[in-house]
Amino acid sequence: MSKKISVSKAIGEAIHEEMERDENVIVLGEDMGKMGNVFGITVGFQEEFGAHRVWDTPISESGFCGMAVGAAMRGMRPVVELMYNDFITVAADPILNQAAKMRYMTGGQASVPMVLRCPMGAGRRNAGQHSQSLEAIFCHTPGLKVIAPSSAEDAKGLLKSAIRDNDPVISMEHKLLYAKKEQIPEGEYTIPLGKAAVKREGTDLTIITWSRQVNFSLEAAEELAKEGIQVEVLDLRTLVPLDWDAIVESVSKTHNVLIVSEEVKRGSYAGEISAQIAEELFDELDAPVARACGLNIVSPFSPTLEDENFPHTADIVKAVKKVLNK
Amino acid sequence: MISVSEKKYSKEMLLGMYEMMLKIKGFESKAAECFTKGMMHGNIHLCLGQEAVPTGACYALEPDDYMASTHRGHGHCIAKGGDLNLMMAELFGKKTGYCKGKGGSMHIADIDGLCSLGANGIVGAGIPIATGSAFASKIWGDKHVTLCFFGDSASNQGTFHESINMAAAWKLPVVFLCENNRYGVSTEIHGVTNTDTIAVRAKAYDIPGKTVDGNDPVTVYEAVKEAVDYARAGNGPSIVECTTFRHQGHYCGDPAVYRPASYMEEAHEKEAIPNFRNKLIKENVATEEELVAIEAAVDEAIEAAYKFATESEYPDPSEATTDVYSSDNERSVVR
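Given the structure is predicted, the values throughout are model-derived calculations rather than measurements.

Along its length, chain B carries 13 helices and seven strands. A globule of 335 residues ought to have a C-alpha radius of gyration of about 20 Å, and chain B, at 20 Å, matches this closely. The C-alpha extent of chain B, read off along each of the three principal axes, is 60 × 50 × 40 Å. The buried share of chain B, taken over its 335 residues, is 53%.

Take a look at the structure:
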């Protein structure tokens, strides 16, 4: 049995089910309570679970993220939202220096079982400080796990696993996926962290991607199929831990790789994956690993400018053909 | 300094405070000696001169109350009941240390045992962590209070404002304890802050705030006890500012040339341990012999900690990649 719901609703269901399952799961962040979140993810939660479990915080990202670390060290499972992932700049210390490092620095004593939900991504014409894809910052930081789902089904299953995980998990949620309605299974299910999914099988080239770019990649694969090019789309779903086995399996089959993300290309996680493939799967490759990413620019406002700054279906088609020399 | 001869406090408690201050001074002195000899690595920040603050403050706590410490945190840990052997071993980077040698001086923690949420290498970062601990207590209704140590300079971090604002708004059971030694590395607090005291800022949050003499453990105890009781009763946070002196520079080896000579003159005049000792004798709380016996026992404990630490092994290099993650550690570390 399945049902059709939006990605934001699926995320809300994950939090709701986990709050019912474990009373230590609490929600905090800006406008999460009375308003039920700017994207409507927690509408009605405060009435249902009470103000002691769903907190409207002041605009104090560093303070409330740090507070979540302390509460998590005591055994709470805070699900915290940074309204935009761009705001990590004002909460960098509690997440990158505290949450991520606490277990190691204390010799394995401390657990910080918190989830930081980070709405991210381009395409909403929100300009330079509300449109970035900053997964590389989180993936770079040892101690953090990072999920970046592309579908309603994955978003729900992964977030449930993230909430139950004893490590801090960053949930990268593309804002332009929230309203997308998709079929998901009825009832309880989880998807393990660190498990990629082949979203389309193919033999000629592997697109490695995540989040909203999975959809553009699937569209590109569809177009390319009309020309007889069979593209495999590997949706990483989790960025840390990386499902290397899935990458090896797919690359060993197709021998060509394009990595697609919305990140600033320079210093991107796409670059990291590219390096790992070059280092370890060189003999499998028929061509150099290619990347289709954002530009090395500040996220622009005007539509004609912003559209230059993240890959679209046509860009991916073009990039695939370039790798295959077609 | 308040009189101890009013018999308001038991001899056991007063001698316990004396012993605790000696332990802190002894531990720090030994650490300084070892560091200066090149036996320790990295950096250590000593709390010599500040012994009365953690001593008095932790006496006001129940064993299952929580505590968040700072980079200058050895005294906090000792006062909370820390094991000198495990602490010294951690300073030496040995596998027998509190953090298996992975944290060192700035990260000593014992979360389950001592309810110590740990020292912290980032100035002001412990403030929201302590507030979060109190937040958990508030939600659970568990009646534990969290004591948050921070220095005068941490009061100028944004986390100070953000955390105290939330703690006040939600009446969280936390005591914000400022150890005001007047210096952030080389910068004197009044050169960068417009108020005479840190505690006066409590007015901005509409919470209690007071400044007390941090050179007397009983004075500190009384102020912190009042704040702890207030928090435990559900009234919310307070700021307790304890004026104190940092005898050494910022780090061990810092000659502190930036301070006027009058700073150390005043520090010695007000130094907690000799003054408290004199009072114990003068007011007939203890005999000279009793105090000498305590001093000898502390010296012995410090030497034992030194022996334990130096005789312990370093962690195996293979331990470098453990404890990053609770699950899927190997895969998450390799890539």
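All right, on to the overall build of chain A then. Along chain A, the regular secondary structure elements total 12 helices and 14 strands. Relative to the globule expectation of 20 Å for 326 residues, the C-alpha radius of gyration of chain A, 19 Å, shows essentially globular dimensions. A separation threshold of at least 6 residues defines the contact pool for chain A, and within that pool the share at least 24 residues apart is 79%.

Quick look at the confidence of the model for chain B now. Per-residue confidence for chain B gives a mean pLDDT of 96, with 98% of residues at or over 70. Both scores are available for the predicted complex, with the pTM at 0.97 and the ipTM at 0.96.

The next subject is the interface of chain A and chain B. Taken together, the contact between chain A and chain B spans 42 residues of the former and 36 residues of the latter. Secondary structure elements with two or more residues in the side of chain A that touches chain B: helix 3 (61-73), helix 4 (92-99) and helix 5 (102-105) of chain A. Counting residues per element, the side of chain A that touches chain B draws most heavily on helix 3 of chain A, which supplies 10 residues. Taken together, the residues that form the side of chain A that touches chain B break down as 18 nonpolar, 18 polar and six charged.

This paragraph deals with the sheet that holds strand 13 (residues 257-264) of chain A. All names here are of chain A. Spatial strand order, 9-11-10-13-14: five strands in an open sheet with mixed pairing. Each edge of the sheet is formed by a strand with only one pairing partner; in this case those strands are strand 9 (197-200) and strand 14 (290-294). Mean inter-strand twist for the sheet, computed between neighbouring axes without regard to direction, equals 25°. Against the sheet, helix 12 (residues 313-323) contacts strand 10 (205-209), strand 11 (231-235), strand 13 and strand 14, and its axis sits at roughly 160° relative to strand 14.

Now for the packing of helix 1 (residues 11-36) of chain B against helix 12 (residues 288-311) of chain B. Angle between the axes and distance between the axes are the two parameters that describe a pair of packed helices. All names here are of chain B. Two elements in contact, helix 1 and helix 12, have axes separated by 9 Å at closest approach and are oriented at 40°. As for how helix 1 packs across helix 12, the hand of that crossing is right-handed. On helix 12, the residues that touch Leu 15, Tyr 18, Glu 19, Leu 22, Lys 23, Gly 26, Phe 27 and Lys 30 of helix 1 are Ile 294, Glu 295, Val 298, Asp 299, Ala 301, Ile 302 and Tyr 306. Here the contact of helix 1 with helix 12 is built from residues that sort into nine nonpolar, one polar and five charged.

Our focus in this paragraph is unusual backbone geometry. All names here are of chain A. Pro 241 follows Val 240 through a cis peptide bond whose omega is 0°. With respect to the helices, strands and loops of the structure, Pro 241 is situated in the loop between strand 12 (238-240) and helix 9 (244-254). If you check the backbone angles, Arg 125 has positive phi at about 55° while not being a glycine. As for its placement among the helices and strands, Arg 125 is situated in the loop between strand 5 (115-120) and helix 6 (135-140). Phi is positive for Arg 237, which is not a glycine, with a value near 65°. Tracing the chain through its elements places Arg 237 in the loop between strand 11 and strand 12. Note on Arg 237: 27 C-beta atoms within 10 Å, which makes it buried.

Now for the packing of helix 3 of chain A against helix 6 (residues 158-169) of chain B. Closest axis-to-axis distance for the helix 3 of chain A/helix 6 of chain B pair is 8 Å, and the angle between their directions is 70°. In terms of their interaxial angle, helix 3 of chain A and helix 6 of chain B are classed as roughly perpendicular. Seen along the crossing, helix 3 of chain A lies across helix 6 of chain B with a hand that is right-handed. On the side of helix 3 of chain A, the interface is formed by A:Ser62, A:Gly63, A:Phe64, A:Gly66 and A:Met67, while helix 6 of chain B contributes B:Gly158, B:Thr159, B:Glu162, B:Ser163 and B:Met166. For the contact of helix 3 of chain A with helix 6 of chain B, the per-class residue count stands at three nonpolar, six polar and one charged.

Residue and element names in this part refer to chain A. Sheet architecture is open: seven strands sit in the order 3-2-4-5-7-6-12, paired in mixed fashion. Either end of the sheet is taken by a strand with one partner, and the two such strands are strand 3 (54-56) and strand 12. Ignoring which end each strand starts from, the neighbouring axes of this sheet average 20° apart. Pairing of strand 6 (residues 145-147) with strand 7 (residues 169-174) involves three bridges; the strand directions are parallel. Bridging across to strand 7, Ile 147 finds its partner in Ser 171.

Residues and elements named next belong to chain A. Annotation of chain A at the domain level lists domain 1 (2-185) and domain 2 (197-323). Between domain 1 and domain 2, the C-alpha centre-to-centre distance is 26 Å. Where the side of domain 1 that touches domain 2 is concerned, the elements lending two or more residues are helix 6, strand 6, helix 7 (152-164) and strand 7. Grouping the constituent residues of the side of domain 1 that touches domain 2 by class yields 13 nonpolar, eight polar and four charged.

Quick look at helix 2 (residues 52-59) of chain B now. For helix 2 of chain B, the tally of buried residues reaches eight of eight residues, placing the bulk of the element in the interior. Residues of helix 2 of chain B that are buried include every one of B:Ala52, B:Val53, B:Pro54, B:Thr55, B:Gly56, B:Ala57, B:Cys58 and B:Tyr59, and no others.

Calculation notes
Residues numbered from 1 in each chain as written. Chains lettered and ligands numbered in written order. Predicted model: local features only at pLDDT ≥ 70, side-chain atom pairs only at ≥ 80, totals over all residues. Helix = DSSP H or I, 4+ residues; strand = E, 2+ residues; numbered from the N terminus. Rg over C-alpha atoms; globule rule 2.2 N^0.38 Å. Buried ≥ 20, exposed ≤ 12 C-beta atoms within 10 Å, placed from the backbone. Contact = placed C-beta atoms within 7 Å. pLDDT = per-residue confidence, 0-100. Nonpolar A, V, L, I, M, F, W, Y, C, P; charged D, E, K, R; others polar. Pairing = 2+ DSSP bridges. Axes fitted to C-alpha atoms, helices over the stretch in contact; angles between N-to-C directions. Left-handed = near helix turned anticlockwise from the far one by under 90°. Parallel < 35°, antiparallel > 145°, perpendicular 65-115°, else oblique. Domains from an automatic or database assignment.

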